[in-house]
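Descriptive analysis of the structure
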Amino acid sequence: PRTAAEFEALMRKDRLKLSPRGHSLIIKGFLKNGLVEEVYQRIIAMTKSGHIVPAFAVAQFLRVAAENGKAAPMYEQLLEEGITLGTEAITVILEECVKSHDAKLARKVEQHARTARVPFNMHAYDAMLKAYAEDCDVRALEIFKEMQTEGHPISEGLCVGLLARCAEGKFLSFAEEIIRFVRAGGAGAGMTIAVYSGLMKVYAYSGMYGKACDLYDQIRADGLEPDQMMYGCLMKFSVECGRTALSLELSEKLSVLDIQNYMSLIKAAGRDRDVDRAFGIIQRLRENNVKPDAIAFNCVLDVCVKAGDIHRGRQLVKEMKELGLLDIITYNTLLKGYCNKNDIKGAKDLLSEMSAANFEPNDVSYNCILNAAVNSGNFEDAWDTIAKMEEMNVKPDHYTVSIMLKALKRAKGTKDVHRCLSFLDRSSIDPCSDEILMNTVLETYIRHKEYRRLESLLNKFEQSSLRPSVPTYGSIIKAYANLKRPERCWHYWNEMQGQRGLEPNDIVFGCMLDALVCNNQVDEAVKLFESSSLKPNAVLCSILVKGFTTTGQTQRAMALWHEMRGKGVRMNTAACNAFVDAQARNGNMDEVLLIVEAMAEDGCRPDGITHSTIVKGYAVKGDLDKAMDVLRSMQDSGMHHDAIVYNTILDGCTKHKRTDLVDPILDSMEEHRISPTNFTLGILVKFYSRQKQLDKAFACMKTLPKRGNFIPNCQVWSCLMGACLMNGSPAKALQVFRDMRATGQSADTRACTSLVSGLVRMGQLKDAVQVVDDVLGLTGKGKCHGVNIDQDCLESLLVALVQKGLREDMAAPLLERLRAANVPLSGRLMAATLADGPDYAGPPNPRSKSHYYA
């Protein structure tokens, strides 16, 4: 560079200008030496001199930049300087995008080229297709069609390469478009073994092993013969989808089986739990002079484990020991056998045997023990195993985390939940690194309402490179449904079907329907249901009925029932119960009985839920005698039932003033050893409140929790407080409030507002102020979390204080405390405190809210 610069200086001294050819020669020399920055500066100098930079120079510059890992930044700098990029330069950058897996840059380059009207050559199209196919971008389909329209040849090799990229991203829709093109003769020879192999790979990567196997018949129909490798793959796929007979048929087509083919046959025997066949395959290996290795023996051992034949497994291990073929996989496979039989002692003895044989237990070993402990419900043993792993410096993997999260399905308290989630955080394992773990973590967060964690994980997933399969799409849709974001549910539903071309199964379709129903989009759910090619079933119908029920559309629910019966859809008891519930909630007993009678025709047996729902229907209608008859029939038949059915009748008694049935129902609960619940207590408090029998409400509050072994919740306390106010006993209401606070619970905003209003109405202003101080934490004793006092209520209190001549002593100090606690204050509140008592009109339409607790 120094020599070139000196030469240029001499030319300037002689008042000579460097010609375009001179610039080009310097650029060429710099390029040969890989001097990227110097070439860039020379290109800029040439442009500023008014010369056009040769297209080959820009393209070659970008090639050299790519070799030095600087293609993207140099491309950006060229654009900023207004350098013209031709077809060859654009192609170089696009090809670099493929190598660096940068589809984002490829899209930007394409957009720039189209804006600048730079034509694409065959290689540019090739690069764009590869980049977009790998990124599962639907733009690939448009580029593919454009390439055909422009008349560029599309070779079989390109098609096979694109199929390979579709496989990695599970980009089914583009793969099928490529196959349509090839079948139409677009690539020349039509379908070949190479193309079929590429499509088979797409199906296999997408977990669609059945479809991969179906290609075998198509291959034969096209007059083609699979090669050795394809036969091997088909054997493996047939085992994966459970078509073991096909794997045996395929093995007969091969003149010579290699070790991988034999392995597939052994795995097929494992699918069928056929231990004798697995041992027979080992014998065939020997007869064909193929010496079985440790992998083959371990495969047979796995068959023994799956079939539960530990005795033969032990014999095989003994033979392997004599042959010197034992390894850590052997011991872990046998360990799985002991764990499957819940033989924890045998498993722990085997761990000792492993150590004695110089095979230290690894993460797989501990995961087996961990899984057995979790399956048996022994969580302490599970945590002891985790502690042992940490002690032995064995890092947990995604299976370890999945097993512990699976344990939460049986957990009863929040302590276990927090412990498991803490373990997940401590493990530093990225849930997005493994699809199974991703599903498990999503389900855990949903089940335990960990919505903040759920949202964070979904955000992380959207930034990850994980390409979800169909089941994972179901989990993602379910997650966004719980976050009340139906627009994201639609996004992933459309991505799965429209962009990726994946076909939803019944479970994922159900997830989408449920997402719409739970987010008040019942009509959209119905449209999706009616437009689907999937055969309707009982579960899908149940989801729609739930939507009709929650929106009070009982007629549509009944119309769906008639429609599904007309189509011959076989219902199950759960689905029938959903239809029964839709009608029972509105007391439509003729329809309820019609559905119940039809259950016998469908082979569905009414269960406890069915009868409980019938009881609910009669209770809603006010026919409580019939509701009692149904309850007695359940009791006489020994049918399982719980407190819900009794609570339903008690609630009906409250609404329809059937005082004669309350005591018999409570006696019946005690006779049949049905424990009352908070719902039972709440209903009784409300009932006795309406009957002006406050003493009985307090008596229930004292006796029922002991009888049912439960602690009254805040809803029950609030109900009792409202009952006191409705019965003109503010002193008792105040005592209930204090007792409730003593238990560590707090009433809600409505109950607290009602209490203050009641005390003001009764003239107990000092007590009212004390309640406000306690609820809002104005005296530094701690605010009731999430609870406030309505502004109208506070205004009424302040007005009453002023009217009683207590403005200076109580009203003004209270207002000051409200200000200090950052309680929002309206102009009316200020006016209520400052106004003179007799002249102030008071709050508009003052009204006590104690009626809410009637």
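Residues numbered from 1 in each chain as written. Predicted model: local features only at pLDDT ≥ 70, side-chain atom pairs only at ≥ 80, totals over all residues. Heavy atoms only, no water.

Let us look at helix 39 (residues 659-671). For helix 39, the complete set of buried residues consists of Leu-661, Val-662, Ile-665, Leu-666, Ser-668 and Met-669. The arc enclosing the buried residues of helix 39, seen along the axis, measures out at 160°, which places them on a common side. Pointing more than 90 degrees away from the buried face of helix 39 are the exposed residues Glu-670 and Glu-671. Of the surrounding elements, those touching the buried residues of helix 39 are helix 37 (624-637), helix 38 (643-656), helix 40 (678-690) and helix 41 (694-708). Once helix 39 finishes, Arg-673 follows within two positions and takes phi at roughly 55°, a positive value. (Buried < 20%, exposed > 50% of the residue type's maximum accessible area, 1.4 Å probe, protein only. Helix = DSSP H or I, 4+ residues; strand = E, 2+ residues; numbered from the N terminus. Arc of directions from axis to C-beta. Contact = heavy atoms within 4.5 Å.)

Time to look at the nonpolar core. In terms of nonpolar packing, the biggest core is built from 280 residues, with Phe-174 and Leu-797 touching the most fellow members. If sequence neighbours within four positions are ignored, Phe-174 has contacts with Leu-129, Ala-133, Ala-140, Leu-141, Phe-144, Leu-162 and Cys-166. (Core = buried A, V, L, I, M, F, W, Y, C linked by side-chain atoms within 4.5 Å.)

Caution is warranted with low-pLDDT regions, since their predicted coordinates should not be read in detail. Looking at the protein as a whole, the pLDDT averages 88, with 91% of positions reaching at least 70. Below pLDDT 50 for its whole length, residues 837-854 participates in 40 contacts with residues either more than four positions away or in separate chains. (pLDDT = per-residue confidence, 0-100.)

Tracing the chain through its elements places Leu-650 in helix 38. Residue Leu-650 is classed as buried on the basis of its relative accessible area of 1%. Among residues more than four places away in sequence, those in contact with Leu-650 are Val-662, Ile-665, Leu-666, Thr-680, Ile-683 and Leu-684.

This paragraph deals with unusual backbone geometry. Phi at Lys-170 takes a positive value of approximately 55°, unusual for a residue other than glycine. Here Lys-170 shows up in the loop between helix 10 (156-169) and helix 11 (172-183). The phi torsion at Asn-358 lies on the positive side, around 65°, for a residue other than glycine. Topologically, Asn-358 is positioned in the loop between helix 21 (344-356) and helix 22 (363-375). Note on Asn-358: relative accessible area 69%, which makes it exposed.

Tallying each qualifying case throughout the model produces 47 salt bridges. Across the salt bridge formed by Arg-738 and Asp-767, the nearest N and O atoms sit 4.0 Å from each other. On the criterion of sequence distance, the pair formed by Arg-738 in helix 43 (residues 730-742) and Asp-767 in helix 45 (residues 765-776) is long-range, its members being 29 residues apart. Its relative accessible area of 40% is what places Arg-738 among the partly exposed residues. Owing to a relative accessible area of 24%, Asp-767 belongs among the partly exposed residues under this scheme. Residues joined in a network through salt bridges with shared partners are Glu-110, Arg-114, Arg-139, Glu-142 and Glu-146. (Salt bridge = Lys/Arg side-chain N within 4 Å of Asp/Glu carboxyl O.)

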